Amino acid sequence: MTLAKKIVSTVVVVPVLLLLLAALFWDPNWFKDEATPYLNDVESHSIAFEDIEHSLFNPGKITIKQLRVNGPIVNGDIGTLVVDASIMDAISKNIILDEVRLIAPDLQINMQALDDWLATRPAQAEPEADNAANTLPVKRVLLHKLSIEKANLQDVSAQQQFIVNNLNLQLEDVHIAEQSEIIILKDHSPIRAKLDVAQLQAQGANLGKVATTITATENNIRLDNLSLNTERTRLHLSGTLQNPKGDANLTLNIADSQLALADFAALLPQFPLQNLGMMTLSGEVQTSGKLSQPVNLLNDLISDLRLQLDTGKSQLDVAGKVTSDAGHSRIQLDINESQVNLDEFHAFMPSSPVKPSGTMALSGLIDAQGLLQDPQSFLKTLSGNIELGLDGGKLQGVDINKIVKGFKDSKESDWKDVGSFLITGPVGILAANVFDLGSGANASGGETLIPQFKLKSKMDNGALLLKDTAIATDKYRLAFEGQLNPTDKTFNDFTFALLDKAGCADIKQTLNGSMSNPKSAIAQSLLDSALAPLSGLLKSVKNSASKCTPFYQGDVAHPEN
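The structure displayed is predicted, hence computed values, not measured ones. (Residues numbered from 1 in each chain as written. Predicted model: local features only at pLDDT ≥ 70, side-chain atom pairs only at ≥ 80, totals over all residues. Heavy atoms only, no water.)

### What to know about the overall build of the protein chain
Scanning the protein chain for helices and strands turns up ten helices and 25 strands. Put simply, 53% of the contacts in the protein chain that link residues at least 6 apart link residues at least 24 apart. (Helix = DSSP H or I, 4+ residues; strand = E, 2+ residues; numbered from the N terminus. Contact = heavy atoms within 4.5 Å.)

Structure follows, in structure tokens:
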């Protein structure tokens, strides 16, 4: 061998062979024992891993397998961590992470323990951009892509707030440091994130598949096409959140979405949503305020929504607008011609002794002003009109025929039964939550067939004015007109009449006074005396029947019997 060949072999070939041997037998786990002590106590948690894979043939890529965490807040498998970086850029003090992947984490999180831990943490001042503590020994740190793949997360606290199966999250172009300084979010270019979840449960409700794209800076978060899909629910939502740390502005746009209300029953246990079918929702919602005080977000709420409910037996169509300014709100509802099956809503009135059945036609306009935090305040300004119609219905829990017959047959009016009839019968259908049901109605029991019921009403500053309103049982027909005021619970020239076939009043009574004391209201309105015999009243009416002006000439027909 010539001298030149020996020099080449010694200086080039032998070192390369030695590097190849080192690469083949290189074991990064030699450093495992040195790293372990630093991972045993991270905020009361210990972290361990099985082994490290690294090759000198691909020096920028490292894989840490079977990462695990154990602690009071988080337990389980962190998964496999893969980091792929550019070594050549590192030579010039630029850390370029082409990709960081966390594969198949499976973690149990105790949200109650997390809340307790956060409550004990001292408040930390937000770092300033020129803080020396932010200075790094490198010029630049850039993460091109961060992926979390096939993650499973579960809240194991008593509340069991969520279960997440097969979550995939991808972040792109995250700038961590520039010019040797950590970048504060306000100096950051937009971060883009893609999220999809194969199965999400929240508070026991199965919310199905979730997917969205988010673009965020410090002062602006944009949500693009958030979709939530179960077997029956299709929700599509987009929106923006500006200035989330201060006086935030939130805008949400709801595209035509179909919601199976049973999917959300566990989220709203106070409402019996299981059998209410499908709801179609669309429109826009805007509000502003501090996110840390969610109740105050109602003060500047503006919304324009359309809601359509289809249970199979009920079809409800409502367009609604809410405009708010400094806490004072105006609500406008336009109820398009709708059909409501009353039986489907019995679950909303479990303690009511009287329950209406049948399918009711409903339409009207409602306009009211008040405070969203105090729904009762809207009653005082309630205006608009409502029309109701019921064919082939029934009242369960009260026998109106029995009460009316007893009223007609008695020689002297039974004030308790009359008051109970008024309040529990037709008027109770209109305002079941306003009136206190009397013991006379509860005692009556039974049921009443309602072949027809028609109501036409106008509302003005909380007062309800009835006109052309009548109800027919299978034996009697009664009509109503005059004013009810749910706000102060009073009758104002409210007249009810028991009708004959011609629509004239066999018996007519006008009420004034308190709804909470129907006996007093009736007594105040008697023509002759508080104890006038019913026989005398009936006689005076019948004597003039041939000359009477019909009290009611509307659509409700007189019963054949």
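Resuming the write-up.
### A look at the pattern of salt bridges
Close approach of charged atoms allows side chains of opposite charge to pair. Counted under the stated rule, the structure contains twelve salt bridges. Between Glu172 and Arg192 there is a salt bridge; the shortest N-O distance is 3.8 Å. Of this pair, Glu172 sits in strand 8 (residues 162–178) while Arg192 sits in strand 10 (residues 191–202), placing them 20 residues apart in sequence. Of the residues examined, Arg192 reaches a relative accessible area of 34% and is grouped as partly exposed. Measuring nitrogen to oxygen at the nearest pair gives 2.7 Å for the salt bridge that ties Arg306 to Asp317. With Arg306 in strand 16 (residues 302–310) and Asp317 in strand 17 (residues 315–325), this pair connects stretches of sequence that are eleven residues apart. Assessed through its relative accessible area of 12%, Asp317 is described here as buried. Several salt bridges converge on common partners, so that one network encompasses Glu172, Asp173 and Arg192. (Salt bridge = Lys/Arg side-chain N within 4 Å of Asp/Glu carboxyl O. Buried < 20%, exposed > 50% of the residue type's maximum accessible area, 1.4 Å probe, protein only.)

### Details of the nonpolar core
Formed by 33 residues in total, the largest nonpolar core has its most connected members in Leu388, Phe453, Leu466, Phe480, Leu484 and Phe494. With 26 residues, the next largest nonpolar core counts Met111, Phe264, Leu273 and Leu281 among its residues. (Core = buried A, V, L, I, M, F, W, Y, C linked by side-chain atoms within 4.5 Å.)

### Digging into the packing of aromatic side chains
The tally for this structure, following the rule as stated, stands at three aromatic pairs. Judged by centre distance (5.9 Å) and plane angle (35°), the rings of Phe345 and Phe348 are tilted. Residue classification places Phe348 among the partly exposed positions, given a relative accessible area of 37%. Ring geometry for Phe480 versus Phe494: centroids 6.1 Å apart, planes at 25°, classification stacked. Of this pair, Phe480 sits in strand 23 (residues 477–485) while Phe494 is found in strand 24 (residues 490–499), placing the two residues 14 residues apart along the sequence. Through a chain of ring-to-ring contacts, the aromatic side chains of Phe480, Phe491 and Phe494 assemble into a single cluster. (Phe/Tyr/Trp six-rings, centres within 6.5 Å; stacked < 30°, edge-to-face > 60°.)

### Topic: the state of the cysteines
As enumerated under the stated definition, the model contains one disulfide in all. Cys504 shares a disulfide with Cys548; S-S distance 1.9 Å. Residues Cys504 and Cys548 are joined through a disulfide that is right-handed, its torsion about the S-S bond being 60°. Of the two residues, Cys504 sits in the loop between strand 24 and strand 25 (505–514) while Cys548 sits in the segment after helix 10 (534–543), which places them 44 residues apart along the sequence. Owing to a relative accessible area of 7%, Cys504 belongs among the buried residues under this scheme. (Disulfide = S-S within 2.5 Å.)

### Here we look at the pairing of strand 19 (residues 355–370)
Pairing analysis gives eleven bridges linking strand 18 (residues 328–341) to strand 19, with the strands arranged antiparallel. In the sheet register, Arg330 faces strand 19, and the bridge partner there is Gln369. Note: strand 19 against strand 20 (residues 383–396), twelve bridges, orientation antiparallel. Along strand 20, the bridge assignment pairs Ile366 with Gly384. (Pairing = 2+ DSSP bridges.)

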